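Coordinates in review
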Amino acid sequence: VITGASSGIGRATAQAFARQRARLVLAARDRAALDEVVAQCQAQGAAALAVCTDVTSSEQMQALAAEAATFGDGRIDIWINNAGVGAVGDFEQTPLEAHEQVLQTDLLGYLRGAYVAWPYFKKQKRGILINTLSLGSWVAQPYAAAYSASKYGLRGLSEALRGELGEYRDIHVCDIYPAVMDTPGFRDGANFTGHALKPPPPVYDPHRVAEAMVSCALNPKPTTTVGSAAVLARAAHFLLSGFPQLSGWLTRWGLNRSPASDTSSGNLFAPPSGQRRVEGGWRKPARRPTPLLVAGAALLLGGCLVALGRERGRG
């Protein structure tokens, strides 16, 4: 079962599992887009079923699990929580209902997914829950407070569930931590900044996350990071006490340089109108690192090491 399968990482993941001839149940709010992905998966020889589902509805999630189990001859072997939305803007200028919808989708939607899959896993004494988290699960994103709260919360959800699995050695909870991916998410998300949004570089191929999903299904492990930038940002966040302030300054600087744009609730409350696809078209052709970029990376690493040395000296 894959939620959020109509575009971006979810769509790429459906295609990746189809190449493995998996039996797929694909869920999202956009029926037309789901039918398109199902046709793509069937063309690769996989059996696939579309179930129009809003992860903010407990009743629809229960129905999704029931249809999946019927399609799977009574089993659910792998459940991938992937559906996600975002809202970018000053905390107090973003409508409260927008914050709430992000939490309903990105945090409670995952909890609902785990909740409806869990009885099948327990009955089978095996199963794999895969959660799409984010670089934002380790490094809070200024001007995306609800998104950050959701992603931090998912770490706690996963760890708590693992703690309950002592007697179920063949049930696994796997977390995927992608860096910034080239998906339509920045195009489709809610924007209350007054400026056009685009992802900060480096931006990675979402098919890499799909491959990580398949790898976890074959060889489960608790944590997988996709994209070296996620590793570096996590290390910098750990080593530099002023990292949140620096991140906020950089975000403001980037937004102020962007063209003006109307505010929009994006895909928070309904599927987006734009074309549904895997890539967002944000990536540029690969180039060799310039000497300036290499020097900047060296300075950042050096600063991290100095900060770490100072912290140890204080201890």
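Source: prediction; values computed, not measured. (Residues numbered from 1 in each chain as written. Predicted model: local features only at pLDDT ≥ 70, side-chain atom pairs only at ≥ 80, totals over all residues. Heavy atoms only, no water.)

Our next topic: the overall build of the protein chain. Of regular secondary structure, the protein chain possesses 10 helices and nine strands. At a minimum sequence separation of 6, the contacts of the protein chain that also span at least 24 residues come to 73%. Entry remark: accessible area of the protein chain is about 16000 Å², with carbon and sulfur atoms responsible for 56%. (Helix = DSSP H or I, 4+ residues; strand = E, 2+ residues; numbered from the N terminus. Contact = heavy atoms within 4.5 Å. Areas by Shrake-Rupley, 256 points an atom, 1.4 Å probe, with all protein chains shown as cover.)

The subject of this paragraph is the confidence of the model for the protein chain. When pLDDT is averaged across the protein chain, the result is 88; 89% of the residues are at 70 or more. Counting contacts from residues 288–308, a segment whose pLDDT is below 50, to residues more than four positions away or on other chains yields eight contacts. (pLDDT = per-residue confidence, 0-100.)

In a regular helix each residue adds 1.5 Å, so 13 residues correspond to 18 Å; helix 2 (residues 31–43) covers 18 Å between its end C-alpha atoms and thus fits that length. For helix 2, the full list of buried residues reads A33, L34, V37, V38 and C41. Buried residues of helix 2 fall within an arc of 140 degrees about the axis and therefore sit on the same side. Away from its buried face, by an angle of more than 90 degrees, helix 2 presents the exposed residues A32 and A43. (Expected span 1.5 Å × (residues − 1). Buried < 20%, exposed > 50% of the residue type's maximum accessible area, 1.4 Å probe, protein only. Arc of directions from axis to C-beta.)

This part covers unusual backbone geometry. Cis peptide bonds are those with omega within 30 degrees of zero, and the linkage from P201 to P202 qualifies with -5 degrees. With respect to the helices, strands and loops of the structure, P202 is situated in the loop between strand 8 (190–191) and helix 7 (207–218). Here the phi dihedral of D73 falls at roughly 55 degrees; this positive angle occurs in a residue that is not glycine. For D73, the location among the structural elements is in the loop between helix 3 (58–71) and strand 4 (78–81). With a phi angle near 65 degrees, K125 is a residue other than glycine that sits in the positive phi range.

Below, the discussion takes up the packing of aromatic side chains. Here the distance between the centres and the angle between the planes together describe a pair of aromatic rings. All told, the structure shown has two aromatic pairs when counted by the stated rule. Arranged with centres 5.4 Å apart and planes meeting at 40 degrees, the rings of W138 and Y177 form a pair that is tilted. Of this pair, W138 sits in the loop between strand 6 (127–132) and helix 5 (145–163) while Y177 sits in strand 7 (residues 171–178), placing them 39 residues apart in sequence. Assigned by exposure class, W138 and Y177 land together as buried. A cation sits over an aromatic face here: R23 above F71, 5.7 Å from the ring centre. Taking the ring centre of Y152 as reference, the NZ or CZ of R155 above it sits at 5.5 Å. (Phe/Tyr/Trp six-rings, centres within 6.5 Å; stacked < 30°, edge-to-face > 60°. Lys NZ or Arg CZ within 6 Å of the ring centre and 35° of its normal.)

Before going further, it helps to examine the environment of L34. Along the chain, the position of L34 falls in helix 2. Judged by its relative accessible area of 0%, L34 is buried. The spacing of L34 and R11 is 23 residues in sequence and 8.9 Å in space, taken between C-alpha atoms. Once residues lying within four places of it in the same chain are set aside, the contact partners of L34 are A5, S6, L26, A27, A28, A50, V51 and C52.

What follows covers the pairing of strand 3 (residues 47–52). For strand 2 (residues 23–28) and strand 3, the ladder comprises six bridges, and the chain directions are parallel. Bridged to L26 within strand 3 is A50. In the classification by handedness, the crossover that spans strand 2, the intervening helix 2 and the parallel strand 3 is right-handed. (Pairing = 2+ DSSP bridges. Right-handed = clockwise from strand over helix to strand, strands pointing away.)

To continue, consider the side chain of D106. Looking at where D106 falls in the secondary structure, it is placed in helix 4 (residues 96–124). The buried charged residue D106 lacks any salt bridge, with K151 as its nearest oppositely charged partner at 5.1 Å. For D106, the side chain forms a polar contact with the main-chain nitrogen of V85, separated by 2.9 Å. If we ignore the near neighbours within four places in the chain, the residues touching D106 are A83, G84, V85, Y147, S150 and L154. (Lys, Arg positive; Asp, Glu negative; His and termini not counted. Salt bridge = Lys/Arg side-chain N within 4 Å of Asp/Glu carboxyl O. Polar contact = N/O pair within 3.5 Å; in protein donor to acceptor, adjacent residues only side chain to side chain.)

Between helix 3 and helix 4, whose axes approach to 10 Å, the crossing angle comes to 40 degrees. In this structure, the crossing between helix 3 and helix 4 has a hand that is right-handed. Contacts from S58, M61, Q62, A65, A66 and A69 in helix 3 reach G109, R112, G113, Y115, V116 and Y120 in helix 4. In terms of residue class, the contact of helix 3 with helix 4 is built from seven nonpolar, four polar and one charged. (Axes fitted to C-alpha atoms, helices over the stretch in contact; angles between N-to-C directions. Left-handed = near helix turned anticlockwise from the far one by under 90°. Nonpolar A, V, L, I, M, F, W, Y, C, P; charged D, E, K, R; others polar.)

The subject of this paragraph is the side chain of T183. Inspection of the secondary structure puts T183 in the loop between strand 7 and helix 6 (185–188). When neighbours within four sequence positions are excluded, T183 is seen to be in contact with G8, I9, P206, V278, E279, G280 and W282.

Turning our attention to the environment of V25. Assignment of secondary structure puts V25 in strand 2. For V25, a relative accessible area of 4% puts it in the buried group. Separated by 43 residues in the primary sequence, V25 and A68 have C-alpha atoms spaced 6.0 Å apart.

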